[in-house]
Amino acid sequence: MSIVRVPFSLTGGGAAAYVPAGAIYLDGSTQYLTQTFSSSGDRDDYTRSVWIKRSSLGSDMQIFDTGPDGGNNLERLSFNSDNSISWVVNDSNVTQYNYKTSAVFRDPTAWMHIVCSRTGTTLTLYINGIVVTAFATSTNNGTTNNGRWTYTDQNLIGRYYLSASEYFNGYLAEIIQIDGTALGADSFGEFDTNGNWVPIDPSGLTFGTNGFWLDFADSADLGNDVSGNGNDWTLNSVTSANATSDRPADDATADPVVGNYCTWNPLAMNSSPTVSEGNLKIAGNSATNYRAVPTIIPSSGKWHYEWQWQGPTIAAGTFIGVEASRTTNYIASVSQPGATSTSWGASTENSTTLRVYHNSSYNDRTIPFTFVQNDYIVCDFDVDAGDIWLGVHDVSGGTTYWVNGSGTFTSTFPSGSPTYSGVTMADGVLFPAVGTYTSTYYGKANFGQNTFVSSQPTDFKALNTANLSAPTVTDPSAYFQSLLYTGTGAELAVTGFTDGAGNNITPDFVWVKDRDFNTNHQLVDAVRGATYELNPNLGNTESTVAQGVKSFDSGGFTLGTDAGYNDPGTTYVAWCLKAGGAGSSNTDGSTTSTVSVAAHGGFSIGTYPGTGSAATVGHGLSRAPEWVIVKMTAGTGTQNWTVFQKNIFDGASNAYIILNLPDASTSGASFSSTAPTASVFSVGNDATNQSSSTFVFYAFAKTPGFIASGKYTGNGSTDGPYVVVDDGGSGFRPAFVLIKNSSNATGYDWQIVDATRDPYNPANKNLSPNLITAEGSGLNIDFTANGFKPRVSSNSVNASGNTYIYLAFAEYPFGGDGVAQAKAR
């Protein structure tokens, strides 16, 4: 897949100006749509467009298929069992065209856009506005007039024609066919001013005779073609219940609110429960207890959701409530969900008793009605205050009852008396969770994509991207870029650091690595000056390289002829960050620093003189940093790159880790056993404060929409832990992730993956800051719309029980008030 952005028009702001009117989910079982045209359309020139949000992964499923025999003559767009996408055209039992992507698409947390465009013998596949050029299979026999989607064959959406199988499981919106014209993706979407792909209004398109537009706006007539052609589709096991408020674009003013809604996350479940109905219904399928957590982890706000108990009987079993830990895998290995110190919830013990509990402690409360199948358990939670309300809803009586802080049921929302108040969340946020300790029980969640049955308290919202808080940074491309270039041996301008609106950005930090050969990493910054090089894989002091990075420029930087930066024919990556220019004096600490700070307040570059005794240094950020990377630039001898990282420090207040070594975290006085504050960080020994020496530091604080920092625990599986990146907001789709095994004494290398060297999943091209080694492959990490997931058991990123720290920069925010959703990749 090639990242080449066609110059589409831009919307006027950070969120899509157009929101699709409707959407449906298909359940992967018996639900599909059919249509048969009465006469043939253009079989050489046509286009199909669809927005998709996946629910299940790892099996063959048809998005579109055709008859009459499903083999000799067909046209098919499908997900394969390896999660790649195939577009196939067969004619007279011969495969005319077969394109199978090298990319895999296994992110069920967000929407994605697919366009299939054909003119003659040229077939073009677009994903999220970008032309796909990397194919595992690319058969093209060059035969014309054999398209089937516009022909008189039976068309199917969501099922294999030849047999009742390979049903699509997921969400669909804006299914459009253009008959007679091959259009690009820019007829259906555009890059907004933050560089994110969003839908646009297709109403002005010429659909052609066999064209159609299924907008799913009318829940009573979901097969209705609104193109004006009357090419309606027949529903098979699809009812109005399949309509949903889930959308690939947000509208917080709609009633109900539309956006990317929370569901149970199939990337983060234990014991493989069965999920269905758009990943809202969940049931155990073995004797093992299951646990599930959601696709959206809100960092602030008030939220309401409900759980319908569907069967088989009313008895002790299902936990519904909230968790508070944002670290590790979210799923604790406990026999009883809710039995950890970071979970609060409720379960029905029988038809008259609600058990409210936390950390294995519980209280039984008499329900004020007879709880029966299809009644609801209700949860409301206030992330900021740490308050939780648990209750029940009586469907027959139409009344919601909450348990207040006195343990009494009340039908009036007890806003001043939550079931649990002031919950302390030392290392995370509140988020929904469900589980069972009796595996046969099942039920269905509603986060607001369907009308709430229970009473929704004032100011408590449905959990979707439109209702999330706006991130601090809406366009991460204005602050970070991975630039790829090939050396020429002559002076070279490296360009491409532009924001989503196309404006050039001048970097203040450039880290260059030769991808082809074993050479040093090279790092320069605007505070020390472009020609002053440091090597992240070495402990040496800085050196002057006049023909390395000669200048920081608008849109990139200029290289001289030094072979380490510009060897003819050699490929390089340059990780570039924007700070605040050359820097200025900062007197917040006991020693004066010179600091350059990014406008968002989450990244700074600084220098300071060593004093030889405990000191504080002003970092210039607007909040306490999670990472501070310190290096001696001039002085006697050498000193390692010494790293403060909050999660390591929280485990032991004198702990730190070294960037240029593979070692696990260690202990010492480098940061004076003192956590940074909102204005300074502390330094203590020669590694960070040697007398008569000079030092540089790079400080990073969590920044919603841009910088994330945290830890996770490996599981040693190719189905690794799912990590929602902790940016202090609701996560983001990563552009860059730095990972380090911080706990294993054997010592494993640091790893960097990014979305430019690997523009599609998995991201497997790795470079190690502590090594001179050329670019490797096989690391296999999926980037998702709000985090990442290792797909490998490598000790460097996913050994069982080992602790890992990470620093991540964003490609796109996950969403938020007025900001477009990140798309699945």
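What counts as what
- Residues numbered from 1 in each chain as written.
- Predicted model: local features only at pLDDT ≥ 70, side-chain atom pairs only at ≥ 80, totals over all residues.
- Heavy atoms only, no water.
- Helix = DSSP H or I, 4+ residues; strand = E, 2+ residues; numbered from the N terminus.
- Rg over C-alpha atoms; globule rule 2.2 N^0.38 Å.
- Buried < 20%, exposed > 50% of the residue type's maximum accessible area, 1.4 Å probe, protein only.
- Contact = heavy atoms within 4.5 Å.
- Areas by Shrake-Rupley, 256 points an atom, 1.4 Å probe, with all protein chains shown as cover.
- Pairing = 2+ DSSP bridges.
- Axes fitted to C-alpha atoms, helices over the stretch in contact; angles between N-to-C directions.
- Core = buried A, V, L, I, M, F, W, Y, C linked by side-chain atoms within 4.5 Å.
- Salt bridge = Lys/Arg side-chain N within 4 Å of Asp/Glu carboxyl O.
- 1 Å grid on protein atoms, 1.4 Å probe; cavity = no way out; pocket = protein on both sides within 12 Å on 5 of 7 lines; lining within 4 Å.
- Points joined across faces, edges and corners; volume = space filled by probe spheres on them.
- Nonpolar A, V, L, I, M, F, W, Y, C, P; charged D, E, K, R; others polar.
- Polar contact = N/O pair within 3.5 Å; in protein donor to acceptor, adjacent residues only side chain to side chain.
- pLDDT = per-residue confidence, 0-100.
- Phe/Tyr/Trp six-rings, centres within 6.5 Å; stacked < 30°, edge-to-face > 60°.
- Lys NZ or Arg CZ within 6 Å of the ring centre and 35° of its normal.

### Re the overall build of the chain
Here comes step 1: If you tally the helices and strands in the chain, you get four helices and 58 strands.
Here comes step 2: Here the C-alpha radius of gyration of the chain, 28 Å, is about what a compact globule of 825 residues would show, namely 28 Å.
Here comes step 3: Principal axes of the C-alpha set define a box for the chain whose edges measure 80 × 75 × 45 Å.
Here comes step 4: By residue count, 62% of the 825 residues in the chain fall in the buried class.
Here comes step 5: Considering only contacts in the chain between residues 6 or more positions apart, those separated by 24 or more positions represent 68%.
Here comes step 6: Accessible area for the chain stands at about 25,300 Å²; split by element, carbon and sulfur atoms hold 44% of it.

### Some points on the sheet that holds strand β24 (residues 343–350)
Here comes step 1: Taken in spatial order, the seven strands make up an open sheet running β18-β21-β31-β23-β24-β25-β26, and their pairing is antiparallel. Since the sheet does not close on itself, it has two edges, and those belong to β18 (264–270) and β26 (361–366), each with one partner. Strand-to-strand twist in this sheet, taken as the mean axis angle between neighbours without regard to direction, amounts to 25 degrees.
Here comes step 2: Judged from the four bridges that link them, strand β23 (residues 318–323) and β24 form a sheet pairing that is antiparallel. Bridging from a neighbouring strand, valine 322 pairs with tryptophan 344 of β24.

### Remarks on the nonpolar core
Here comes step 1: By size, the foremost hydrophobic cluster in this structure holds 118 residues, and its most contacted members are Ile114 and Ile388.
Here comes step 2: A total of six residues in this core trace back to one element, the largest contributor, which is strand β13 (residues 169–179).
Here comes step 3: Every residue in contact with isoleucine 114, bar those within four places of it in the chain, is listed here: Arg48, Ser49, Val50, Ile52, Ile63, Leu77, Ile85, Leu125, Tyr126 and Ile127.
Here comes step 4: Judged by nonpolar contacts, the second largest core, of 58 residues, contains Phe480, Phe497, Phe557 and Trp575.

### Structural notes on the sheet that holds strand β43 (residues 593–597)
Here comes step 1: Taken in spatial order, the eight strands of this open sheet run β42-β43-β44-β51-β46-β47-β48-β49, and their pairing is antiparallel. Single-partner strands in this sheet number two, and they are β42 (584–586) and β49 (666–667).
Here comes step 2: Pairing between β43 and strand β44 (residues 603–609): four bridges, direction antiparallel. Note on β44: the bridge partner recorded for serine 596 is isoleucine 605.

### Section: the pattern of salt bridges
Here comes step 1: What the rule picks out here adds up to 24 salt bridges.
Here comes step 2: Glutamate 542 is paired through a salt bridge with arginine 528; the nearest N and O atoms lie 2.8 Å apart. Here glutamate 542, found in the loop between β37 (529–534) and β38 (543–544), pairs with arginine 528, found in the loop between β36 (522–525) and β37; they are 14 residues apart in sequence, far enough to count as distant.
Here comes step 3: What makes arginine 528 buried here is its relative accessible area of 11%.
Here comes step 4: When salt bridges with common partners are traced through the structure, they connect Arg106, Asp719, Asp782, Lys789 and Arg791 into a single cluster.

### Some points on empty space enclosed by the protein
The rolling of a water-molecule-sized probe over the atoms marks out the regions of remaining empty space.
Here comes step 1: Overall, the coordinates contain three cavities of 30 Å³ or more when judged by the stated rule.
Here comes step 2: For the largest cavity, the calculated volume is near 150 Å³.
Here comes step 3: Around the largest cavity, the lining comprises 15 residues; the ones closest to its centre are Phe509, Trp511, Ile629, Phe700 and Leu807.
Here comes step 4: Mapped onto the lining of the largest cavity, the elements with two or more residues apiece are β35 (509–514), β41 (571–577), β51 (694–700), β54 (732–741) and β58 (803–813).
Here comes step 5: Of the residues belonging to the lining of the largest cavity, the class tally is 15 nonpolar, no polar and no charged.

### A short note on the environment of serine 347
Here comes step 1: By secondary structure assignment, the location of serine 347 is in strand β24.
Here comes step 2: Taking the relative accessible area as the measure of exposure, serine 347 reaches 0% and is therefore buried.
Here comes step 3: Separated by 249 residues in the primary sequence, serine 347 and asparagine 98 place their C-alpha atoms 51 Å from one another.
Here comes step 4: Only 3.1 Å separates the side chain of serine 347 from the side chain of glutamate 349, close enough to count as a polar contact.

### Digging into the environment of serine 543
Here comes step 1: Within the fold, serine 543 resides in strand β38.
Here comes step 2: Residues serine 543 and alanine 634, 91 residues apart in the sequence, show an inter-C-alpha distance of 9.1 Å.
Here comes step 3: Not counting residues within four places of it along the chain, the set of residues in contact with serine 543 comprises Thr531, Tyr532 and Glu533.

### Focus: the confidence of the model for the chain
Here comes step 1: Put simply, the chain has an average pLDDT of 93, and 94% of its residues get 70 or more.
Here comes step 2: Note that residues 1–16 has pLDDT below 50 and, in this model, 57 contacts with residues that lie over four places away or in other chains.
Here comes step 3: Note that residues 328–337 has pLDDT below 50 and, in this model, 32 contacts with residues that lie over four places away or in other chains.

### Overview of the packing of aromatic side chains
Here comes step 1: Overall, the coordinates contain 44 aromatic pairs when judged by the stated rule.
Here comes step 2: For the ring pair phenylalanine 212 and tryptophan 233, a centre distance of 5.1 Å and an interplane angle of 65 degrees mean the geometry is edge-to-face. Residue phenylalanine 212 is located in strand β16 (residues 212–214), and its partner tryptophan 233 is located in the loop between β16 and β17 (234–236); the two are separated by 21 residues in the primary sequence. Like tryptophan 233, phenylalanine 212 is buried.
Here comes step 3: Put simply, the rings of Tyr479, Phe480, Phe509, Trp511, Trp575, Phe603, Tyr698, Phe700, Phe706, Phe736 and Phe809 touch in pairs and so form one group of aromatic residues.
Here comes step 4: Geometry around phenylalanine 64 places arginine 48 over its ring, the cationic atom sitting 4.7 Å from the centre.
Here comes step 5: Geometry around tyrosine 171 places lysine 53 over its ring, the cationic atom sitting 5.1 Å from the centre.

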